[in-house]
Amino acid sequence: MDDGYELSTDPDRLDLDAVHHWLSTDAFWALGRSRDTVERSVRGSLNFGAYDASGAQVGYARVVTDLATFAWLCDVSVAPAHRGRGLGTRLAGAVRDHLAPYALTRILLSTLDAHEVYAKVGFVPFPDPEKLMVRTPDKTTSHPGPLPRART
């Protein structure tokens, strides 16, 4: 699709200032997220950027995955001036296509109001929501720092 936008998984192209701004000020699920948290989440994830014809980043999606059985699509965000052009759907489709060769058992996401965006690329409501559980840690707990490396 030649609509002037390019998608890329190149981490060196990410504009972390823009990603942090979108998530911490405009994404209801990430309001107030610190720059450090955004940086750590990017380092530990597969990242997708959407770029306009000038090369400026205008969208973002993040995938947490083991590339063997599971992936979690999260932090999908499009700059307000570029919304309504199908970029969210393109990002979700790029994630789907990128992960297809791994034959993952499941790719999950959570959305409050963008079900139709993800349905366009094959996402459906979870068939057995009663099987899902979540643990939300106490917000007063601080991050303990990096985990020790596993011994091999």
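Quick summary incoming for the structure in this document. (Residues numbered from 1 in each chain as written. Predicted model: local features only at pLDDT ≥ 70, side-chain atom pairs only at ≥ 80, totals over all residues. Heavy atoms only, no water.)

Once that is clear, we can look at the pairing of strand S3 (residues 57-65). Taken across its 9 residues, S3 has 7 buried, putting it largely inside the fold. Bridge analysis of strand S2 (residues 46-51) against S3 gives 6 bridges, and the strand direction is antiparallel. Each bridged residue has a counterpart across the sheet, and for Phe48 the counterpart in S3 is Ala61. Hairpin geometry of S2 and S3 is characterised by an intervening segment of 5 residues between the two adjacent antiparallel strands and by a positive phi of about 95° at Gly55. As defined by bridge partners, S3 adjoins strand S4 (residues 70-78) across 6 bridges and the pair is classed as antiparallel. Residue pairing across strands places Thr65 opposite Ala71, the latter belonging to S4. Counting the residues in the hairpin turn of S3 and S4 gives 4 residues, including Leu67, whose phi is positive at 55°. (Buried < 20%, exposed > 50% of the residue type's maximum accessible area, 1.4 Å probe, protein only. Helix = DSSP H or I, 4+ residues; strand = E, 2+ residues; numbered from the N terminus. Pairing = 2+ DSSP bridges.)

Within the sequence span of helix H1 (residues 16-26), burial applies to Ala18, Val19, His20, Trp22, Leu23 and Ser24. In this structure, the buried side of H1 is in contact with helix H2 (35-43), S3 and S4. (Contact = heavy atoms within 4.5 Å.)

This part covers the sheet that holds S2. Taking strand neighbours across the sheet as the criterion, the 5 strands line up as S1-S2-S3-S4-S5 in an open arrangement whose pairing is mixed. On the outer flanks of this sheet lie strand S1 (6-8) and strand S5 (106-109), each paired with one strand and no other. The sheet shows a mean angle of 20° between the axes of neighbouring strands, taken without regard to direction. Along the sheet face, H1 touches S3 and S4 and points at about 80° away from the line of S3. (Axes fitted to C-alpha atoms, helices over the stretch in contact; angles between N-to-C directions.)

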